[in-house]
Amino acid sequence: MNKSTLFVDDDSALPVYEQLREQVKAALSRGELRRGEQLPSVRDVAASLGINPNTVNRAYAELERDGIVATKRGRGTFVTPKRASAEVGRLLQIAERFVAHARSLGYESQQIVGAVRDQVQRARQMRRDT
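Numbering of residues begins from 1 in every chain and follows the order in which that chain's sequence is written. Note on the predicted model: pLDDT of at least 70 is required for a residue's local features to be given, and 80 or more for side-chain atom pairs to be given and counted; whole-chain, interface and lining totals, by contrast, use all residues. Excluded from the side-chain calculation are hydrogens and water; included are all heavy atoms of the structure.

What follows concerns the nonpolar core. By size, the foremost hydrophobic cluster in this structure holds 19 residues, and its most contacted members are M1, V24, L33, L39 and V56. Ranked by residues supplied to this core, first place goes to helix α1 (residues 16–29) with 5 residues. Here a residue-residue contact requires only that any non-hydrogen atoms of the pair lie within 4.5 Å. Those residues in contact with L33, other than ones at most four positions away along the chain, are M1, V24, A27, L28, L39 and V79. Nine residue types can take part in a nonpolar core, namely buried Ala, Val, Leu, Ile, Met, Phe, Trp, Tyr and Cys, and a core is a set of them joined through side-chain atoms within 4.5 Å. Any residue under 20% of the maximum accessible area for its type is buried, any over 50% is exposed, and the rest in between are partly exposed; the area is computed with a 1.4 Å probe on protein chains only. Numbering of helices and strands starts at the N terminus; helices are DSSP runs of H or I of at least 4 residues and strands are runs of E of at least 2.

Now for the packing of aromatic side chains. Two rings from Phe, Tyr or Trp (for Trp, the six-membered ring) form a pair when their centres are within 6.5 Å of each other. A pair whose planes differ by under 30 degrees is stacked, one over 60 is edge-to-face, and the rest are tilted. Following the criterion strictly, the structure yields 0 aromatic pairs and no others. Seen from the ring of Y17, R58 lies directly overhead, with NZ or CZ sitting 3.8 Å from the centre. We note K72 situated over the ring of F78; from NZ or CZ to the ring centre the distance is 4.9 Å. Only lysine NZ and arginine CZ atoms are considered, and such an atom sits over a ring when it is within 6 Å of the ring centre and within 35 degrees of the ring normal.

A word on the pattern of salt bridges. Note on definitions: salt bridges are taken to be side-chain nitrogens of Lys or Arg within 4 Å of carboxyl oxygens of Asp or Glu. On inspection of all chains with the given rule, the structure shows 6 salt bridges. E62 is the salt-bridge partner of R65, the closest N and O atoms lying 3.2 Å from each other. Note that R65 and E62 are positioned in helix α3 (residues 53–65) at a spacing of 3 residues, about one turn of the helix. Exposure remark for R65: the relative accessible area of 59% places this residue in the exposed category. Residue classification places E62 among the buried positions, given a relative accessible area of 16%. One connected set of salt bridges, linked through shared partners, spans E18, R21, E62, R65 and D66.

Here the focus is the pairing of strand β1 (residues 69–72). Strands are labelled as partners when DSSP assigns at least two bridges between them. Looking at chain direction, β1 and strand β2 (residues 76–79) are connected through 4 bridges and run antiparallel. Paired with T71 across the two strands is T77, which belongs to β2. Counting the residues between successive antiparallel strands, the hairpin from β1 to β2 contains 3 residues, one of them, G74, with a positive phi of roughly 80°.

On their own, these measurements won't tell you what the molecule is for.
So this is what it looks like as structure tokens:
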């Protein structure tokens, strides 16, 4: 993950630190962040987004409290090995429930996959537009 992956949505009701926290968790779930991978520095993210470093620090502290990352003094903040696989497992559980629910409503596999693909494209477009 690099600092350019993160963004701030000024129209969101979520506080900025929460937006950053959720983006890191989402990147982990999508496999864009791997176990042991270093997050961008607080200073780099803050400068890139034009926000206060304390905001980034709070997001990282919340992620650390959740067991998703660990900070090594003088070296940086890294994804913890155990939590990374737990986040991928969580995504699989969400997908399993979604597919089961969609099937119970009568949707076919191709329709379900198409709907997910469309949603991913919309999310990407929204990110580009911001």
